[in-house]
Amino acid sequence: HKRSGKPCQDSVKTAEVSGVHIVSVADGHGSDSCPHSKSGSAIAVNVFCGLLSECVRRHADDFDALKAWLKFGGGMQLTRLIDAEWKRRVERSYRARAENVSAVAAQPTGRNGIWHSYGTTLLGAVIAPSFIFALQLGDGDILWLRGNAVESFIDADKLPGTETYSLSETDAWKRTRIKTFDLSPENTPYMLMLSTDGFSNSYSDDSVFHQTALSYFQAALEYGEAAIRDNLTAWLRETSALGSGDDITVVMALAPQQTKG
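Presented here is a report on the structure given in the accompanying data block.

Quick notes on the rules
Residues numbered from 1 in each chain as written. Predicted model: local features only at pLDDT ≥ 70, side-chain atom pairs only at ≥ 80, totals over all residues. Heavy atoms only, no water. Core = buried A, V, L, I, M, F, W, Y, C linked by side-chain atoms within 4.5 Å. Buried < 20%, exposed > 50% of the residue type's maximum accessible area, 1.4 Å probe, protein only. Helix = DSSP H or I, 4+ residues; strand = E, 2+ residues; numbered from the N terminus. Contact = heavy atoms within 4.5 Å. Axes fitted to C-alpha atoms, helices over the stretch in contact; angles between N-to-C directions. Nonpolar A, V, L, I, M, F, W, Y, C, P; charged D, E, K, R; others polar. Phe/Tyr/Trp six-rings, centres within 6.5 Å; stacked < 30°, edge-to-face > 60°. Pairing = 2+ DSSP bridges. Salt bridge = Lys/Arg side-chain N within 4 Å of Asp/Glu carboxyl O.

### Things to note about the nonpolar core
Logical step 1: The biggest cluster of nonpolar side chains holds 34 residues, and the ones touching the most others in it are Phe48 and Leu52.
Logical step 2: Where this core is concerned, the elements lending two or more residues are β2 (20–27), α1 (37–58), α2 (63–99), α3 (110–117), β3 (122–127) and β4 (131–137).
Logical step 3: In terms of residue count, α1 provides more of this core than any other element does, 10 residues in total.
Logical step 4: If sequence neighbours within four positions are ignored, phenylalanine 48 has contacts with Ile22, Val23, Ser24, Ile82, Leu122, Gly124, Ala125, Val126 and Leu135.

### Focus: unusual backbone geometry
Logical step 1: The peptide bond linking threonine 188 to proline 189 adopts the cis configuration, its omega dihedral lying at -5°.
Logical step 2: For proline 189, the position within the fold is in the loop between β7 (177–182) and β8 (190–195).
Logical step 3: Its identity is not glycine, yet serine 18 carries a phi of approximately 55°, on the positive side.
Logical step 4: The phi dihedral of aspartate 171 falls on the positive side, at around 55°, and the residue is not glycine.
Logical step 5: Along the chain, the position of aspartate 171 falls in the loop between β6 (149–152) and β7.

### A few points about the packing of helix α5 (residues 206–223) against helix α6 (residues 225–242)
Logical step 1: One way to put it is that α5 packs onto α6 with a least axis distance of 8 Å and a crossing angle of 145°. Here Tyr216, Ala219, Ala220 and Tyr223 of α5 lie close against α6, whose contacting residues are Glu225, Ala227, Ile228, Leu232, Trp235 and Leu236.
Logical step 2: Its residues assigned to classes, the contact of α5 with α6 shows 9 nonpolar, no polar and 1 charged.

### Notes on the packing of aromatic side chains
Logical step 1: Counted according to the given criterion, the structure contains 9 aromatic pairs.
Logical step 2: Here tyrosine 216 and tryptophan 235 contribute two aromatic rings whose centre-to-centre distance is 5.7 Å and whose plane-to-plane angle is 45°, an arrangement assigned as tilted. Here tryptophan 235 lies in helix α6 and tyrosine 216 lies in helix α5, a separation of 19 residues in the sequence.
Logical step 3: The exposure class assigned to tyrosine 216 is buried, which follows from its relative accessible area of 6%.
Logical step 4: Assessed through its relative accessible area of 32%, tryptophan 235 is described here as partly exposed.

### Here's the deal with the pairing of β8
Logical step 1: Counted residue by residue, β8 has 6 buried out of 6 residues, so it is predominantly covered.
Logical step 2: Taking every second residue as pointing to the same face, both faces of β8 are buried, with Tyr190, Leu192 and Leu194 on one and Met191, Met193 and Ser195 on the other.
Logical step 3: In this structure, strand β5 (residues 141–146) lies alongside β8, joined through 5 bridges in antiparallel fashion. Looking at the pairing, aspartate 141 lines up with serine 195 of β8.
Logical step 4: Here β8 pairs with strand β9 (residues 250–255) via 6 bridges, running antiparallel. Residue pairing across strands places serine 195 opposite valine 250, the latter belonging to β9.

### Comments concerning the sheet that holds β7
Logical step 1: Reading across from one edge, β1-β2-β3-β4-β7 is the order of the 5 strands in this open sheet, with antiparallel pairing throughout. Both outer strands of the open sheet, β1 (10–17) and β7, are each paired with one neighbouring strand and no more. If you compare each strand with its neighbour and ignore which way they point, the axes differ by 10° on average.
Logical step 2: Inspection of the sheet shows β4 paired to β7 by 6 bridges, in the antiparallel sense. Across the sheet, phenylalanine 131 pairs through a bridge with aspartate 182, a residue of β7.

### With respect to the sheet that holds β8
Logical step 1: Reading across the sheet, the 4 strands line up as β6-β5-β8-β9 and stay open at both edges, with antiparallel pairing between neighbours. Unpaired on one side and paired on the other, β6 and β9 mark the two borders of the sheet. On average, each strand axis in the sheet is inclined to that of its neighbour by 20°, with strand direction left out of account.
Logical step 2: Bridge analysis of β5 against β6 gives 4 bridges, and the strand direction is antiparallel. In the strand pairing of β6, tryptophan 144 is matched with glutamate 151.

### Remarks on the pattern of salt bridges
When the charged atoms of two side chains with opposite charge come close together, those side chains can pair.
Logical step 1: Inspection of every chain in the model, using the stated rule, returns 10 salt bridges.
Logical step 2: With its nearest N and O atoms 3.0 Å apart, the salt bridge here joins lysine 71 to aspartate 182. Of this pair, lysine 71 sits in helix α2 while aspartate 182 sits in strand β7; the two residues are 111 residues apart in sequence, bridging distant segments of the chain.
Logical step 3: The exposure class of aspartate 182 is partly exposed, given its relative accessible area of 36%.
Logical step 4: Measuring nitrogen to oxygen at the nearest pair gives 2.7 Å for the salt bridge that ties arginine 88 to glutamate 85.

In structure tokens, the structure reads:
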């Protein structure tokens, strides 16, 4: 986006509630037909973190109950709530925007047109001591890294070319993938990495991308998370410049080694 002089469309948000970490990234579509997609991506991460924070607070005394609820129906209920709340906030944002703009060259028509003008993807995760819950709509990657292994935490649908599923679609919740994974001390240390598609698209294939992600994980274990945090902006800027040219947003959640007991 820097090459074309356009504003970046990614958004990111994190929260911590009762020792549970909630993380989310979103990538606004950025096309001419989606002029408000930066706002759309910001709304998406706010909705995800807000709704999941509320769920964690309600189950703060019993995370096993939260895990069971997410596994057996609650996760799918959340996809519908996120879809509906995003659209409600988008319509509210559009009405406020329209009131403050005296003339707009091409106003979207109807609710579908308004949603489309804010189009965005959404990735999010809830990381509790005993489980991970993750959600994905559209492109981007959620990677699970442990030892020398890298795998996609969610096998999301891949559309050809630059096409992607979007929160702006009618019944977007039906295209949302979710997963709940039980954790134990044997799973640690591990890293969960969420990234917008500008990251993976900067590499020639998934194997090179996964090897890069693994190098971040191994460096974090060897040198500490501060070493990654202090250099990440420069590294990602170089990755984009030499690769996709797209904006890149990454969240890495690092879980240290745990022992039984």
